[in-house]
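Overview (structure and organization)
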Amino acid sequence: MRVTFTIDDDELNELMRLTGLTSRSAAVREAIQSFIHQQRLQRVLGLQGSMIVDDVWEETRRLEVEAQEAQYPMVELSGAQAKEAKHAVGS
């Protein structure tokens, strides 16, 4: 969108110096994008502490182990079978 507005020369020159951009339009676009990013960040930071998140990693891990055990149940091996299995894996 094309827009026409008046900006103080000193402020625009400072903006261009700070951004390192030589185009006035590019410097203004950069400033707008930076401002939007900063405002979004402030909103997110403002949410800090407003939500309660339970640390349930231990419970989650326990449930994952139970699901694996249900999918691949442990089988009791007799003495001879255990020796054979141990030999097969190289222990």
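Here's what I pulled together on the structure shown here. Computed from a prediction, not measured in an experiment: that's the story for all the values here. (Residues numbered from 1 in each chain as written. Predicted model: local features only at pLDDT ≥ 70, side-chain atom pairs only at ≥ 80, totals over all residues. Heavy atoms only, no water.)

Notes on the overall build of the protein
We apply this condition: Working definition: helices are DSSP H or I runs of at least four residues, strands are E runs of at least two. Numbering for both runs from the N terminus. Every radius of gyration here is taken over C-alpha atoms, with the globule rule written as 2.2 Å times N^0.38, N being the number of residues. For the exposure calls, accessible area comes from a 1.4 Å probe over protein chains only, and a residue counts as buried if that area is under 20% of its type's maximum, exposed if over 50%, partly exposed in between. Counted as positive: Lys and Arg. Counted as negative: Asp and Glu, with His and the chain ends omitted from the count. Lysine's charge is taken at NZ, arginine's at CZ, aspartate's at CG and glutamate's at CD.
Regarding its fold elements, the protein presents four helices and zero strands. For the protein, the N- to C-terminal ordering of α and β elements is α-α-α-α. The globule rule puts the C-alpha radius of gyration for 91 residues at 12 Å, and the 32 Å found for the protein is more than 25% above it. Overall size of the protein, expressed as C-alpha extent along the three principal axes, is 90 × 35 × 25 Å. Here the protein holds 91 residues, and the buried ones make up 4% of them. Taken together, the 10 basic and 15 acidic charged side chains of the protein have centroids lying 7 Å from each other.

Concerning the pattern of salt bridges
Basically, it comes down to this: By definition here, a salt bridge exists when the distance from a side-chain nitrogen of Lys or Arg to a carboxyl oxygen of Asp or Glu is within 4 Å.
Applying the stated criterion across every chain, the model contains four salt bridges. The salt bridge involving Arg62 is made with Glu59; its shortest N-O contact spans 2.4 Å. With a gap of three residues between them, Arg62 and Glu59 both fall in helix 3 (residues 57-71), about one helical turn apart. Residue classification places Arg62 among the partly exposed positions, given a relative accessible area of 38%. The exposure class of Glu59 is partly exposed, given its relative accessible area of 39%. A salt bridge links Glu64 to Arg61, with the shortest nitrogen-to-oxygen separation between them at 3.7 Å. Of the two residues, Glu64 and Arg61 are both situated in helix 3; the distance of three residues between them amounts to about one turn of the helix.

A look at a nonpolar patch on the surface
Note the following rule: Any residue with relative accessible area above 30% and no salt bridge may belong to a patch, with like charges joined within 9 Å and the nonpolar Val, Leu, Ile, Met, Phe, Trp and Tyr side chains within 5 Å. In this description, accessible areas are obtained by the Shrake-Rupley approach with a 1.4 Å probe, and a residue is regarded as covered only by the protein chains that are shown.
Together, Met1, Val3 and Phe5 line one region of the surface with nonpolar side chains, adding up to about 420 Å² of accessible area. Relative to the helices and strands, Val3 resides in the segment before helix 1 (9-19).

Description of the layout of surface pockets
Here is the rule we go by: With a 1 Å grid laid over protein atoms only, a set of points is called a cavity when a 1.4 Å probe fits there but cannot get out and a pocket when it is open yet has protein on both sides within 12 Å along at least five of seven lines; lining residues have an atom within 4 Å of a point. Grid points are joined across faces, edges and corners, and a volume is the space filled by probe spheres set on the points. In this classification, the charged set is Asp, Glu, Lys and Arg, the nonpolar set is Ala, Val, Leu, Ile, Met, Phe, Trp, Tyr, Cys and Pro, and all remaining amino acids, among them Gly, are polar.
Empty space within the largest pocket amounts to approximately 380 Å³. In terms of lining residues, the largest pocket is bounded by Met1, Arg2, Val3, Thr4, Phe5, Ile7, Leu12, Arg24, Ser25, Val28, Arg29 and Ile32. The element that contributes the greatest number of residues to the lining of the largest pocket is helix 2 (residues 24-46), accounting for five residues. Classifying every residue of the lining of the largest pocket by side-chain character gives seven nonpolar, two polar and three charged.

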